[in-house]
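# Analysis of the macromolecular model
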Amino acid sequence: MSIVALIDHAVLQPIQTDDDLREACRLCIDVGAASVCVKPSMVPLAVELLAGSSVVASTVIGFPHGCTTTGAKVCETEIAVVQGAREVDMV
């Protein structure tokens, strides 16, 4: 197993676009990264772009400050999982 297979690649900057996500997914598929970690709004597109590869979509919950309530984080997590996220990082 390559060390790259243990790495999550992040696409979390507020200014990053769908095109940035497309590029990141291509890169991660090519190098065999573990996941592409995206903003919750990008989960469906990431799942679509990564379909058929070993790379999974991951997302962040309560990002970046973690100031939301536990209930909000639960709801956000449930939505992300339904949309196809296979890993969540909760702040």
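This is a predicted model, so every value here is computed, not measured.

### What to know about the side chain of Lys39
Its place among the elements puts Lys39 in the loop between strand S2 (35-38) and helix H2 (43-50). We note that Lys39 is buried and unpaired, the nearest opposite charge coming from Asp18 at a distance of 7.2 Å. Only 3.1 Å separates the side chain of Lys39 from the backbone oxygen of Gln16, close enough to count as a polar contact.

### A word on helix H1 (residues 18-31)
Here H1 contains 14 residues, and its C-alpha end-to-end distance of 20 Å stays within 8% of the 20 Å for a straight helix at 1.5 Å per residue. Listed in full, the buried residues belonging to H1 are Leu21, Ala24, Cys25 and Cys28. Taken end-on, H1 shows its buried residues confined to a sector of 100°, consistent with a single buried face. Opposite the packed face of H1, turned more than 90 degrees from it, sit the exposed residues Asp19, Glu23, Arg26 and Asp30. At the exit of H1 stands Gly32, carrying a positive phi of roughly 80°.

Cut-offs and rules
- Numbering of residues begins from 1 in every chain and follows the order in which that chain's sequence is written.
- Predicted model: local features are reported for residues with pLDDT of at least 70 only, side-chain atom pairs are reported and counted for 80 or more only, and whole-chain, interface and lining totals are derived from all residues.
- Each side-chain value is derived from all of the structure's non-hydrogen atoms; neither hydrogens nor water enter the calculation.
- Numbering of helices and strands runs from the N terminus; a helix is a DSSP stretch of H or I covering at least four residues, while a strand is a stretch of E covering at least two.
- Each residue is assigned to one of three classes by its accessible area relative to the maximum for its type, calculated with a 1.4 Å probe on protein chains only: buried under 20%, partly exposed between the two thresholds, exposed over 50%.
- Under this rule, positive means Lys or Arg and negative means Asp or Glu; His and the chain ends count for nothing.
- Any carboxyl oxygen of Asp or Glu that lies within 4 Å of a side-chain nitrogen of Lys or Arg is treated as forming a salt bridge with it.
- Two N or O atoms form a polar contact when they lie within 3.5 Å of each other; inside protein one atom must be a possible hydrogen donor and the other a possible acceptor, and for residues adjacent in sequence the pair counts only when both atoms belong to side chains.
- Between the first and last residue of a helix there are one fewer steps than residues, each counted as 1.5 Å, and that sum is the expected span.
- Note that the arc is defined by the directions from the helix axis to the C-beta atoms.

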